[in-house]
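Coordinate analysis (summary)
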Amino acid sequence: MGVLDRHDWRGDLDSARVQHLAIEAVKLGLADAYEHIADLGHMRHAPEAFLASDYLDSRAKLLDPARAGDPSHGEPGPGGTVYLSAADRDGRMVSFIQSNFMGFGSGVVVPGTGVSLQNRGAGFSLRPDHVNRVGPRKKPFQTIIPCFATDLAGAPEMSFGVMGGPMQAQGHLQMALRVLGHGQNPQAAADAPRWRVTSGRGVVVENTFDPELADQLRSMGHEIRVETPDAVFGFGGAQLIRRTASGYVAGSDPRKDGQALAF
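Residues numbered from 1 in each chain as written. Predicted model: local features only at pLDDT ≥ 70, side-chain atom pairs only at ≥ 80, totals over all residues. Heavy atoms only, no water.

1. Considering the packing of helix α1 (residues 16-36) against helix α5 (residues 211-219)
- For the pair α1 and α5, interaxial distance at closest approach is 10 Å and the crossing angle is 60 degrees. If you check the angle between α1 and α5, you find them oblique. Crossing of α1 over α5 shows right-handed handedness. Contacts from A16, Q19, H20 and I23 in α1 reach L213, Q216 and L217 in α5.
- Its residues assigned to classes, the contact of α1 with α5 comprises four nonpolar, three polar and no charged. (Axes fitted to C-alpha atoms, helices over the stretch in contact; angles between N-to-C directions. Helix = DSSP H or I, 4+ residues; strand = E, 2+ residues; numbered from the N terminus. Parallel < 35°, antiparallel > 145°, perpendicular 65-115°, else oblique. Left-handed = near helix turned anticlockwise from the far one by under 90°. Contact = heavy atoms within 4.5 Å. Nonpolar A, V, L, I, M, F, W, Y, C, P; charged D, E, K, R; others polar.)

In structure tokens form, the structure reads like this:
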């Protein structure tokens, strides 16, 4: 979002220009995440270093508004998932996510509980110089990201999440752009066709994605591939609750099991 804010993302959300900027911003963010994000005690840079204004400025300069890029990670200066969103009448909101990761997780079940443990250890790296190199007393980089938005005064504004491994951060950006940036209601945002960055200049889009928009993105250098309807799970599953002056507005993704429920 910091990179995107350094470019003019306003205007027609479903235009090639704005979609291109969002895709390129995600690619820059993921390049840093895959290289740097690890157990806090083993990171080479503090998390806040990646949000520093001068660092975001330098990353944003790598984004070409007209052409797709294949960015590498930067270096800041010294320095199987279920998602639930809930909100009550007093304005309290909760963003909660849980995942065993692959299949039934580690295959280890806590005796007497039926609870299977996760296997997020698969996220470790065997690269000797990587911050996520497998080792004791550390956690690997992983994709469990319950998301939350507040207003400028710090009051709850939206509790949301997008299940789906590496789709999570990408889906969060697309939901935030639609709901917070362009005023769409949560259900419309969840229903809208999505894209997913893969590697290099590769971008996968849903089969409901506007073909003309896909062609425009191709002309900008994106290697667009349209996935078949049976691959819909690859685009994640969003659940959202937005707090408004008139009350809550909720949305549930049609791609997966879920429900927007008020009681």
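From this point, the narrative continues.
2. Remarks on the pairing of strand β9 (residues 247-252)
- Sheet topology places strand β8 (residues 237-244) next to β9; six bridges connect them, and they run antiparallel. Its bridge partner lying in β9, R242 is registered against V249.
- Between β8 and β9, which pair antiparallel and follow one another directly, the connecting turn spans two residues. (Pairing = 2+ DSSP bridges.)

3. Some remarks on the nonpolar core
- With 28 residues, the main nonpolar core has V3, L4, L173, L177, W195, F209 and L217 as its most contacted residues.
- At the level of elements, α1, α2 (53-60), α3 (167-181), β5 (195-197), β6 (202-205) and α5 are the ones that each hand at least two residues to this core.
- Ranked by residue count, the leading element in this core is α1, at nine residues.
- Residues in contact with V3, not counting those within four places in the same chain, are A25, L28, L56, R59, A60 and L63.
- Within the second largest apolar cluster, eleven residues are counted, among which are M158, F160, V162 and A190. (Core = buried A, V, L, I, M, F, W, Y, C linked by side-chain atoms within 4.5 Å. Buried < 20%, exposed > 50% of the residue type's maximum accessible area, 1.4 Å probe, protein only.)

4. Structural notes on the packing of aromatic side chains
- The full count for this structure, using the stated rule, is two aromatic pairs.
- Between Y34 and F141, the aromatic rings sit 5.8 Å apart at their centres with planes inclined by 85 degrees, giving edge-to-face as the arrangement.
- Lying across the ring of W9, R10 places its NZ or CZ 4.3 Å from the centre. (Phe/Tyr/Trp six-rings, centres within 6.5 Å; stacked < 30°, edge-to-face > 60°. Lys NZ or Arg CZ within 6 Å of the ring centre and 35° of its normal.)

5. A short note on the pairing of strand β7 (residues 223-226)
- In terms of strand pairing, β6 meets β7 through four bridges, oriented parallel. Across the sheet, residue V205 finds its bridge partner in β7, namely V226.

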